[in-house]
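# Notes for the structure review
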Amino acid sequence: MNPKLIYIDAGHGGTDPGAVGAQAREKDINLAVALQVGRALTQRGFAVCCSRTKDMRMTVTERARAANKAKAAAFVSIHCNSAANKAARGAETFAYSPASKGYGLAKSIQRNLVNTTGTPCRGTKTANFAVLRETAMPAALVELGFLSNKIDEQFLLDSQWQRKAAAAIADGVTEYFSL
């Protein structure tokens, strides 16, 4: 395992747009933020590997396998949320289980994301997502906000907000490795 290599996954892509808001597609926001997270981590001395640097499709299993093959020290997947309840807002971060090493990573990212952006906190949660289950390293999946909510969508589309969110995610990763 490379102790300084972080695998950044921009969720969805190619023919899979992910969630679609009134003005935005999840895959586009995920990629923009993921690339900025990569730059921010590089500036902090980490090596970075990305699942995608352009609009292309990869399966979740391919993403996990690539991170495992790279022997990354951590895996961070970037996403946007959507819900039938248009009032749903805020960020939430997932790990595979509370006992997983990824849970501490997810908590650190969530805390930094909420504190830096001011977005409502939906907490650190667990889920049986393939990218969390099939990765051999600590893994977290970040839901930046809801494209189904007009307020969140405006933040998600704002390049300054994206930069703040990316810096906060990088801060969360840095904090996790400093513990």
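Here, every reference points to the structure presented above.
Residues numbered from 1 in each chain as written. Predicted model: local features only at pLDDT ≥ 70, side-chain atom pairs only at ≥ 80, totals over all residues. Heavy atoms only, no water.

## Comments concerning helix 2 (residues 60-70)
Within helix 2 the residues assigned to the buried category are Arg63, Ala64 and Ala67. One face of helix 2 carries all of its buried residues, which in axial projection span an arc of 95 degrees. Turned more than 90 degrees off the buried face of helix 2, the exposed positions are Arg65 and Lys69. At its buried positions, helix 2 is contacted by strand 1 (5-10), strand 3 (74-81) and helix 4 (130-133). Downstream of helix 2 by a residue or two, Lys71 has a phi angle that is positive, lying close to 55 degrees. (Buried < 20%, exposed > 50% of the residue type's maximum accessible area, 1.4 Å probe, protein only. Helix = DSSP H or I, 4+ residues; strand = E, 2+ residues; numbered from the N terminus. Arc of directions from axis to C-beta. Contact = heavy atoms within 4.5 Å.)

## Regarding the nonpolar core
Val76, Ile78, Leu144 and Ile169 are the most contacted members of the largest nonpolar core, which has 36 residues in total. Residue assignment for this core shows that the elements contributing at least two residues are strand 1, helix 1 (26-43), strand 3, strand 4 (91-95), helix 3 (101-117), strand 6 (139-146) and helix 6 (159-178). In terms of residue count, the dominant contributor to this core is helix 6 (8 residues). Apart from the residues within four sequence positions on either side, Ile78 is in contact with Ile8, Asp9, Ala10, Gly11, Asn30, Val33, Ala34, Val37, Val142, Leu144 and Ile169. (Core = buried A, V, L, I, M, F, W, Y, C linked by side-chain atoms within 4.5 Å.)

## Thoughts on the pattern of salt bridges
Applying the stated criterion across every chain, the model contains 10 salt bridges. A salt bridge links Asp9 to Arg63; the nearest nitrogen and oxygen atoms lie 2.4 Å apart. Here Asp9, found in strand 1, pairs with Arg63, found in helix 2; they are 54 residues apart in sequence, far enough to count as distant. Accessibility assignment for this pair places Asp9 and Arg63 in one class, buried. (Salt bridge = Lys/Arg side-chain N within 4 Å of Asp/Glu carboxyl O.)

## Some points on the sheet that holds strand 4
Strand order in the open sheet made by the 6 strands is 2-1-3-6-4-5, with mixed pairing throughout. Every other strand in the sheet has two partners, leaving strand 2 (47-50) and strand 5 (121-126) as the edge strands with one partner each. Taken pair by pair, the neighbouring strands of this sheet meet at an average axis angle of 20 degrees, ignoring direction. On the sheet, helix 1 packs against strand 1, strand 2, strand 3 and strand 6 and is oriented at approximately 145 degrees with respect to strand 3. The strands that helix 2 touches are strand 1 and strand 3; relative to strand 1, the one it contacts most, it runs at about 165 degrees. (Pairing = 2+ DSSP bridges. Axes fitted to C-alpha atoms, helices over the stretch in contact; angles between N-to-C directions.)

## Overview of the state of the cysteines
Under the counting rule described, the total for this entry stands at 0 disulfides. With no disulfide of its own, Cys50 lies 6.7 Å from the sulfur of Cys49, the closest cysteine sulfur. The exposure class of Cys50 is partly exposed, given its relative accessible area of 25%. No disulfide involves Cys121; its sulfur sits 17 Å from that of Cys80, the nearest cysteine. (Disulfide = S-S within 2.5 Å.)

## Some thoughts on the packing of helix 5 (residues 150-157) against helix 6
The geometry of helix 5 relative to helix 6 is characterised by a closest axis approach of 5 Å and an angle of 80 degrees between their N-to-C directions. Judged on the interaxial angle alone, helix 6 and helix 5 are roughly perpendicular. Between helix 5 and helix 6, the contacting residues are Phe155, Leu156 and Leu157 on the first element and Ser159, Trp161 and Gln162 on the second. Its residues assigned to classes, the contact of helix 5 with helix 6 shows 4 nonpolar, 2 polar and no charged. (Parallel < 35°, antiparallel > 145°, perpendicular 65-115°, else oblique. Nonpolar A, V, L, I, M, F, W, Y, C, P; charged D, E, K, R; others polar.)

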